[in-house]
Amino acid sequence: MADRPITIREALSAALREEMQRDERVFIMGEEVGVWGGTYAVTRGFLDEFGEKRVRDTPIAEMVIAGAAVGAAMAGLRPVAEIMTINFAFLALDAIVNHAAKVRYMFNGQFTVPLVIRTTTGGGKQLGATHSHAPEVIFAHFPGLYVAVPGTAYDAKGMLKASIRDDNPVLFVEHSTMLQRRSPVPDDPDFLLPIGKSDVKRRGDDVTIVTFGKGLEWSTAAAETLAQDGIEAEIIDLRWLRPLDLEPVFESFKKTNRCVVVEESLPMFNVGAEVAARLQDELFDYMDAPVKRVAAMDVPLPYAAEIERMALPSPEKIVKAVKEVVGG
Amino acid sequence: MATPNKETLLDWYHQMVLIRRFEERCAELYQQGLIGGFLHLYIGQEATGVGAIAALKEHDHVITAYRDHGIALARGLDPKRVMAEMLGKVDGVSGGKGGSMHLADRERRFWGGYGIVGGHLPLAAGIALASKYEDRGEVVLCLMGDGATNIGYFHESLNLSAVWELPVVWLIENNQYGMGTSVARASGVTELVKKARAYGDNGRGMKEGPRIDGMNVLEVYEQVSEAVEYARKHGPILVESLTYRLQGHSMGDPERYRTKEEVEQYVASGPIGRFRAYLIEKYKNIEPKLDEIDARALEEVDEAVEFAKNSPDPTFEDLVRHVYVD
């Protein structure tokens, strides 16, 4: 069947529906997944289609949403738990970090945790400091957990389906401002993308831009501007923060010798820091310029639109950083 | 509920004595530096673990917190492999990677000891959900200390189990202190079983179960058996077992929060002595048999220590294994 352009929201919906149809053990639990139809409308119609047993509204209680999903996964089900936004996942940090990520290791492989926790991330919607985090990098710190950060509908579908079928726990992070973005996506119910593979989203010889999630959108816009000035950027979309696949980054950097890392994370201890460290470790002799990072400013996000915009990355900031590393 | 026969009662006596000797030996090994980390002993609480687990069927589930050695032994884990875990050896039940607080045995449906206060409660709810989802008729026995009833996990987990009518027996082992803070200093209600009332009403949701004498293995067995059957048929129930730990919270506890007299009073009314007296009164000439069991338990602990000492240390391969499913 031909690929057709659908939104990220539709891609997520299709992935969930197909996996629930395929495997009776897959079920959804979380905040407003049933009667409401999902706070971002991803599970609209699911309650009617699959019933209350498999589409389970929970109290607004993140510790037990995450923790009970871990227990259900250990005991043989394949839960897809939904936490409305990643800001609320802080309340579930213990269940995610201490239990989802560790029970397999701690008990010497006796248990598996085939769990997906879906959540949304990101600022830019004037929601104020507590609702505008993009902290997925925190979760990528912990071995035992996978962290997915898709930036297109194609990736969202293939990655979510792969996550549901995988036997490891996955934190699946969707950007709340990107759910309407469209791209062609296969209808094939067995369309899967490999876990932990980054993807070259744009070819170019002059600079390597490493990014993920919302950063893909900003970087793509920046690359178009740069092209007008004769600078061709290669964009690597990490897609996963764990497993982190830097091979395409290394390949690209050998060619461009310059790198800018773009992300919505805060500027300290972020993906840019990791990528810069790994590049100097692996490819020190290829470096023609310092690795630059474009991230959010080191402040909590404010409400007022104008200053919120100032705090976030933008195509303009990326263009400026690229011009610094290419010396243009 | 089956009325326990003589053989069963002697088995319980054996389990309780085995736990006591095992824990005493652990304390020695800790002082010798052979056991590391934290060590939380079950001494004084044996009747609760043994009586409660005796109330379960083979296919039911057990999960507990970090005071888990006694629970593991009562659930039938091999003392040799439990001791090997204490010593951090590859033959340990968790391959030497879990330690004292993280014993588990999937085969025995013992889902583990967990080191975060209250952290295992939502897991219990999830395991019960899986049972209900697949119509398996299995009950989860979730043990916790009194201290766990004050943490957010308790509220969220009991509430969810009530809303979803999950087959869980929530069993509070009220040993009267959360580390060094007494129940009265830590909880708004001191009859902890009353907390069930926040999650159920008029036959809906959580059932408030009994407050039982946790030093009497027969009473624990009877009351938890009823609770297990309630959970299997109807949904969650909260039970409180009044018990007492005769040792400190963990090794190195200065025990400034209680008096020697208080502890001695509980030593005198300890669960093993009481059960032994009961058996002697019930069965003529049972004492030689009990002495034989005492001696056997000591031998089993000796064998367990010998086995554990001879088991190899984990290797680099073990260090990096089981982070993910390959």
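Here the residue index of a chain counts from 1 through its sequence in written order. Note on labels: chains are lettered from A, ligands numbered from 1, in written order. Selection of residues for local features in this predicted model requires a pLDDT of at least 70, selection of side-chain atom pairs for listing and counting requires 80 or more, and totals for whole chains, interfaces and linings are taken over all residues. Side-chain metrics in this entry use all non-hydrogen atoms of the structure; hydrogen atoms and water are not considered.

A. Geometry of the overall build of chain A. Note on conventions: DSSP H or I runs of at least 4 residues are helices, E runs of at least 2 residues are strands, and numbering of each starts at the N terminus. If you tally the helices and strands in chain A, you get 13 helices and 14 strands. Its C-alpha atoms give chain A principal-axis dimensions of roughly 60 × 45 × 40 Å. Should any heavy atoms of two residues lie within 4.5 Å, those residues are counted as being in contact. Here the analysis covers contacts within chain A between residues at least 6 apart in sequence; of these, 82% occur between residues at least 24 apart. Per-residue and other accessible areas were derived by the Shrake-Rupley procedure at a 1.4 Å probe size, with only the shown protein chains allowed to occlude residues. As presented, chain A carries roughly 12400 Å² of accessible surface, and 53% of it is formed by carbon and sulfur atoms. Placing the 36 positive and 47 negative side-chain charges of chain A at their respective mean positions leaves the two points 2 Å apart. Think of it this way: Lys and Arg go in the positive column, Asp and Glu in the negative one, and His and the chain ends go nowhere. Note that the charge is assigned to NZ on lysines, CZ on arginines, CG on aspartates and CD on glutamates.

B. Inspection of the packing of helix α9 (residues 214-228) of chain A against helix α13 (residues 315-326) of chain A at higher detail. Residues and elements named next belong to chain A. Axis angles are defined between N-to-C directions and span 0 to 180 degrees, where every axis is a line fitted to C-alpha atoms and, for a helix, only to the segment in contact. At their nearest, the axes of α9 and α13 sit 8 Å apart, and the two run at 55° to each other. With respect to each other, α9 and α13 are oriented oblique. For the pair α9 and α13, the sense of crossing is right-handed. Seen from α9, the contacting residues are Trp218, Ser219, Ala221, Ala222, Thr225 and Leu226; seen from α13, they are Pro315, Ile318, Val319, Val322 and Lys323. We call Asp, Glu, Lys and Arg charged. Ala, Val, Leu, Ile, Met, Phe, Trp, Tyr, Cys and Pro are nonpolar, and the rest, Gly among them, are polar. When grouped by side-chain class, the residues that make up the contact of α9 with α13 number 8 nonpolar, 2 polar and 1 charged. Small angles under 35 degrees read as roughly parallel and large ones over 145 as roughly antiparallel, with 65 to 115 read as roughly perpendicular and the rest as oblique. Here a crossing is called left-handed whenever its near helix is offset anticlockwise from the far helix by less than a right angle, and right-handed whenever the offset is clockwise.

C. Structural context of the domain arrangement of chain A. Residues and elements named next belong to chain A. Where each domain begins and ends follows an automated or database-derived domain assignment. Each assigned domain of chain A is listed with its residue range as follows: domain 1 (4-185) and domain 2 (199-326). Relative to domain 2, the C-alpha centre of domain 1 lies at a distance of 26 Å. Simply put, the buried area is the total loss of 1.4 Å probe accessible area from both parts when two parts are fitted together. Between domain 1 and domain 2, the buried area comes to about 2200 Å², and carbon and sulfur atoms account for 58% of it. For salt bridges, the criterion is a side-chain nitrogen of Lys or Arg within 4 Å of an Asp or Glu carboxyl oxygen. Seen at the junction of domain 1 and domain 2, the total is 3 salt bridges. Ionic pairing is found between Asp155 and Lys201, a salt bridge with its closest N-O pair at 2.7 Å. Under the rule applied, a polar contact is a pair of N or O atoms within 3.5 Å (in protein, one hydrogen donor and one hydrogen acceptor; residues adjacent in sequence only if both atoms are side-chain atoms). Joining domain 1 to domain 2, the criterion identifies 16 residue pairs in polar contact (both at pLDDT 80 or more). Elements represented by at least two residues in the side of domain 1 that touches domain 2 include exactly α7 (136-139), β6 (146-148), α8 (153-165) and β7 (170-175). Here the side of domain 1 that touches domain 2 is composed, by residue class, of 16 nonpolar, 12 polar and 4 charged.

D. Just the pattern of salt bridges, in detail. A full pass over the atoms with the stated rule returns 53 salt bridges over all chains. A:Asp190 is paired through a salt bridge with A:Arg165; the nearest N and O atoms lie 3.0 Å apart. Of this pair, A:Asp190 sits in the loop between β8 (182-185) and β9 (199-202) while A:Arg165 sits in helix α8, placing them 25 residues apart in sequence. Between B:Glu208 and B:Arg197 there is a salt bridge, with the nearest N and O atoms lying 2.5 Å from each other. A residue pair is termed long-range when its members are at least 10 positions apart, and B:Glu208 in strand β9 (residues 207-213) and B:Arg197 in the loop between α7 (183-186) and β7 (200-201) qualify at 11 residues. The rule is simple: take the accessible area with a 1.4 Å probe, protein chains only, and divide by the maximum for that residue type; under 20% is buried, over 50% is exposed, in between is partly exposed. Using a relative accessible area of 30% as the deciding quantity, one classes B:Glu208 as partly exposed. When salt bridges that share partners are traced, they join A:Glu18, A:Glu19, A:Arg22, A:Lys157, A:Lys161, A:Arg165 and A:Asp190 into one network.

E. Local environment of the interface of chain B and chain A. If you look at the interface, chain B gives 41 residues, while chain A gives 45 residues. The largest per-residue losses of area from chain B upon contact with chain A belong to B:Tyr133, B:Tyr324 and B:Val325, which jointly make up 22% of the total buried on that side. Counting across the chain B and chain A interface gives 0 salt bridges. Linking chain B with chain A are 19 residue pairs in polar contact (both at pLDDT 80 or more), by the criterion used here. Listing elements by their share of the side of chain B that touches chain A, those giving two or more residues are β2 (110-113), α5 (121-133), α6 (152-163) and α12 (316-320) of chain B. Looking at which element gives the most residues to the side of chain B that touches chain A, the answer is α5(B), with 8 residues.

F. Focus on helix α3 (residues 62-74) of chain A. All names here are of chain A. One fewer than the residue count of a helix, multiplied by 1.5 Å, yields its expected span. Here α3 spans 18 Å end to end across 13 residues, near enough to the 18 Å set by a 1.5 Å rise per residue. Most of α3 is tucked away, with 13 of its 13 residues classed as buried. Positive backbone phi, at 115°, marks Gly76, one or two positions downstream of α3.

G. Region of the structure containing the layout of surface pockets. Put simply, the grid is 1 Å and covers the protein atoms alone, a cavity is a trapped set of points that fit a 1.4 Å probe, a pocket is an open set with protein on both sides within 12 Å along at least five of seven lines, and lining residues have an atom within 4 Å of a point. Grid points are joined across faces, edges and corners, and a volume is the space filled by probe spheres set on the points. Of the voids in this model, the largest pocket is the one considered here, and its volume is about 620 Å³. Lining the largest pocket we find 28 residues, and of these A:Val137, A:Ile138, A:Ser265, A:Phe269 and A:Asn270 sit closest to its centre. For the lining of the largest pocket, the secondary structure elements donating two or more residues are α7, β12 (240-242) and α11 (271-282) of chain A. Counting residues domain by domain, the lining of the largest pocket receives three or more from each of domain 1 (4-185) and domain 2 (199-326) of chain A. What lines the second largest pocket is a set of 31 residues, and nearest its centre among them are B:Tyr66, B:Val117, B:Gly145, B:Gly147 and B:Gly178. Secondary-structure elements contributing two or more residues to the lining of the second largest pocket are β3 (140-145), β5 (177-178) and α7 of chain B. When its residues are assigned to classes, the lining of the second largest pocket shows 13 nonpolar, 15 polar and 3 charged.

H. The arrangement of the nonpolar core in detail. We call a set of buried Ala, Val, Leu, Ile, Met, Phe, Trp, Tyr and Cys residues a nonpolar core when their side-chain atoms join them within 4.5 Å. By size, the foremost hydrophobic cluster in this structure holds 90 residues, and its most contacted members are A:Met74, A:Leu115, A:Val275, A:Leu279, B:Ile63, B:Trp170 and B:Leu238. Here this core gets 10 residues from one element, more than from any other, and that element is α3(A). Of the residues that make up this core, three or more belong to each of domain 1 (4-185) and domain 2 (199-326) of chain A.

I. Inspection of the sheet that holds β3(B) at higher detail. Residues and elements named next belong to chain B. Strands were regarded as paired on the criterion that DSSP finds at least two bridges between them. Sheet architecture is open: 6 strands sit in the order β2-β1-β3-β4-β10-β9, paired in parallel fashion. With one partner strand each, in any of the chains shown, β2 and β9 form the two edges of the open sheet. Between one strand axis and the next, the sheet turns by 15° as a mean value, whatever way the strands run. Bridge count for strand β1 (residues 61-64) against β2 is 2 bridges, and the pairing is parallel.

J. Molecular detail of the side chain of B:Glu300. All names here are of chain B. When you line up the elements, Glu300 lands in helix α11 (residues 287-310). Buried charge Glu300 goes without a salt bridge, the closest partner of opposite sign being Arg296 at 4.2 Å. Glu300 has contacts with His14 and Leu18, leaving out every residue within four places of it along the chain.

K. Quick peek at the sheet that holds β6(A). All names here are of chain A. Within the open sheet, the 7 strands sit side by side as β3-β2-β4-β5-β7-β6-β12. Their pairing is mixed. Both edges of this open sheet fall to β3 (55-57) and β12, since each of them pairs with a single strand only. When the angles between neighbouring strand axes are averaged without regard to direction, this sheet yields 20°. As defined by bridge partners, β6 adjoins β7 across 3 bridges and the pair is classed as parallel. Counterpart to Tyr146 in the pairing with β7 is Val170.

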